[in-house]
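Analysis of the macromolecular model
The primary structure of each chain is shown beneath.
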Amino acid sequence: MKTKIKIFAALTMLLVVLGTGCKKFLEVDPKSTIGEEELFNSEIGFQQALTGLYSQMASRDLYGDNLSMGFSSLIAQNYSTSLSGVFSFPTTVALNFKGNDAVPLVSGIWTKGYNTIAAANNILSKIDNKQSIFTGNHYALVKGEALGLRAYLHFDLLRLFGANFATNPGKKAIPFRTELNALSKVPSTVDEVSAAILADLKTAEALMKGKEPIATEKSRRFRMNYYAIKALQARVYLFRGDKINAAAAANEVVNSGIFTLIDPKSVSAPAASRDRTFSTEQVFAIRVKDMRTWVETDNAYFKSVSDNRKNLTRILTDFQTLYETGAGGGTDIRFANLIEADGLTYFCTKYWQTWVGTVENDRLDQNVSLMRLSEMYYILAETAATPDEGLVFLNKVREKRVIPVIAAGITAQRLSEEITKEYQKDFYAEGQLFYYYKRKVANRMQFSSRNLTEASYIVPVPDNELEFNPNYN
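What counts and how
- Residues numbered from 1 in each chain as written.
- Predicted model: local features only at pLDDT ≥ 70, side-chain atom pairs only at ≥ 80, totals over all residues.
- Heavy atoms only, no water.
- Helix = DSSP H or I, 4+ residues; strand = E, 2+ residues; numbered from the N terminus.
- Buried < 20%, exposed > 50% of the residue type's maximum accessible area, 1.4 Å probe, protein only.
- Contact = heavy atoms within 4.5 Å.
- Salt bridge = Lys/Arg side-chain N within 4 Å of Asp/Glu carboxyl O.
- Pairing = 2+ DSSP bridges.
- Core = buried A, V, L, I, M, F, W, Y, C linked by side-chain atoms within 4.5 Å.
- Phe/Tyr/Trp six-rings, centres within 6.5 Å; stacked < 30°, edge-to-face > 60°.
- Lys NZ or Arg CZ within 6 Å of the ring centre and 35° of its normal.
- Axes fitted to C-alpha atoms, helices over the stretch in contact; angles between N-to-C directions.
- Parallel < 35°, antiparallel > 145°, perpendicular 65-115°, else oblique.
- Left-handed = near helix turned anticlockwise from the far one by under 90°.
- Nonpolar A, V, L, I, M, F, W, Y, C, P; charged D, E, K, R; others polar.
- Expected span 1.5 Å × (residues − 1).
- Arc of directions from axis to C-beta.

**Thoughts on the overall build of the chain**
Helices and strands together make up the secondary structure of the chain, namely 20 helices and six strands. Counting only residues that meet the buried cut, the chain has 57% of its 473 residues in that class. Of the contacts made within the chain by residues no fewer than 6 positions apart, 70% connect residues no fewer than 24 positions apart.

Here it is, written out as structure tokens:
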């Protein structure tokens, strides 16, 4: 019987949820074990299970690497295709998803993504029957976070493996998993998956509204907080072409007053205190505490130890093109402060943080932005009623990036082009640009001469899933 899918094996999932993440949180002996019944018999147990879920998201298979600086940035052509270093990923960059270096990355994303969804479903399957054990607003927050994370993970899997909503909403995409079992599931269509995601987010919004403590607890930006729910709604509505609801959700984030566009002075500060991750803009980010091992140590992605090592880098003229230094972009804080030289090549320093301090929670590094305030401004610019109204939102970000504002009186086509440029600049090496290109069905990506079609943007479902689930045809 081929009804079991590896990614949903119950033992694997339970090891994920009940394993290292929870043990570290409890600080128990590594040989100790915690039964599931015991774990979900207290509020702290649910919190620990949720911590394990975030730990999974921070893994290299997901947002610690592949869905941020790694795979999803490689396929957006963020790095040079001519380099021959340790991390050149030739078939990945060529969008040959069946190539030797692409296959394990794609499989890792799918498997870890659905394992993490299984962890969220495990929490959701237990929490309603345990509502009485929670104090204050914690039941609503934990359930809302679990629903939001399930939605977030499904949406990124949909954006990678599914077709474009605008052109093919009825095409089978991915399974939308809401139950904790190891049975194969018929994939839902692009329309069905995105609608189910919005349903999860609506429930999470109702649970968390008025109970979100992010205004007083800044660490909540590392959780799927209420405003992260709204920001994700804005993304999904825009994906579905619903500009009215996308704008409404983005407006709520912008008008909350909790997040602010970065102060240029904090980005141009000395290296030890430079805010490379634009922390005031982070609506939702993930802690990746061991990220340094693949970012800046030997065999690292960006900062190289060996002088002759060329990894995820570009030559200076490419960065000058990206940030339009010949058209007033030389003052752009992203170009001036987030690009550094490594021999004859240059690399992005968003994830390479010189740091001097004493308080762990004050660290500006070791985290990956998953949703930022600037994206909400770009969504408002794209969904505005007129090009000039949209330009107001775009110029607010440009001002804070210290580049010239664009004069009023532009066409809709020009506004669209300028929004694209800002996505390219702002989300360099963050993993969001590929999804933007895909939604727009761009026939060419920056730094690539390859002509693309809609099919070029669809990552094939991994063979290990097809082997156990025959329902994709």
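Having seen the model, we can carry on.
**Examining the pattern of salt bridges**
Here the structure, examined in full by the defined rule, presents 33 salt bridges. One salt bridge in this structure joins E205 and K230, with 3.0 Å as the shortest N-O distance. Remark: K230 occurs in helix α10 (residues 226–239) and E205 occurs in helix α9 (residues 190–208); sequence separation between them is 25 residues. No difference in accessibility class separates E205 from K230, as the two residues are buried.

**Considering the environment of D101**
With respect to the helices, strands and loops of the structure, D101 is situated in the loop between α6 (90–93) and α7 (102–127). With a relative accessible area of 17%, D101 lands in the buried category. Once the C-alpha coordinates of D101 and F89 are considered, the two residues, twelve residues apart in sequence, prove to be 5.8 Å apart. Leaving out residues up to four positions away in the same chain, D101 has contacts with F89, P90, T91 and T92.

**Regarding the pairing of strand β6 (residues 367–372)**
Of all the six residues making up β6, six are buried; the element is thus mostly covered by neighbouring parts of the structure. Sheet topology places strand β3 (residues 282–287) next to β6; five bridges connect them, and they run antiparallel. Counterpart to I286 in the pairing with β6 is V368.

**Structural notes on the nonpolar core**
Counting 134 residues, the largest nonpolar core has M69 and L160 as its most contacted members. Broken down by element, this core gets its largest block of residues, 15 residues, from helix α8 (residues 138–161). Those residues in contact with L160 that sit more than four places away from it in its chain are L67, F71, I75, I109, F434, Y435, K438, Y457, I458 and V459.

**A word on the side chain of T349**
Counting through the fold element by element, T349 comes out in the loop between β5 (345–348) and β6. Discounting chain neighbours no more than four positions away, the residues touching T349 are R276, N337, L338, I339 and E340.

**Section: the packing of aromatic side chains**
Two aromatic rings, taken as a pair, are described by how far apart their centres are and by the angle between their planes. For the structure shown, the criterion picks out 21 aromatic pairs. Between Y378 and Y423, the ring centres sit 5.3 Å apart and the planes meet at 40°, which makes this aromatic pair tilted. In this pair, Y378 sits in helix α16 (residues 373–383) while Y423 sits in helix α18 (residues 412–426), placing the two residues 45 residues apart along the sequence. Both residues of the pair, Y378 and Y423, count as buried. Counting every residue linked through ring pairs, the aromatic cluster contains F40, F46, F134 and Y139. Over the aromatic face of F447 sits the side chain of R314, whose NZ or CZ is 4.2 Å from the ring centroid.

**So, the packing of α8 against α9**
Two elements in contact, α8 and α9, have axes whose closest approach is 8 Å; the angle formed by their N-to-C orientations is 160°. The angle between α8 and α9 places the two elements in the roughly antiparallel class. When you trace α8 past α9, the crossing you get is left-handed. Counted by class, the contact of α8 with α9 contains 14 nonpolar, five polar and four charged residues.

**Some words on α18**
The terminal C-alpha atoms of α18 lie 21 Å apart, and with 15 residues this matches the ideal 21 Å at 1.5 Å per residue to within 8%. Along α18, the residues classified as buried are L415, E418, I419, T420, E422, Y423, Q424, K425 and D426. Residues of α18 that are buried sit in contact with α14 (316–322), α15 (333–337), β6, α16, α17 (387–400) and α19 (433–440).

**Remarks on helix α11 (residues 243–255)**
Look at α11: 18 Å from first C-alpha to last across 13 residues, which is about the 18 Å you get at 1.5 Å a residue. Every buried residue of α11 is listed here: A246, A247, A249, A250, V253 and V254. End-on, the buried residues of α11 take up no more than an arc of 165°, which puts them together on one face. For α11, exposure combined with an orientation more than 90 degrees from the buried face picks out I244 and N255. Against the buried residues of α11 lie α10, β3 and α16. The positive-phi residue at the C-terminal boundary of α11 is G257, with phi of around 80°.

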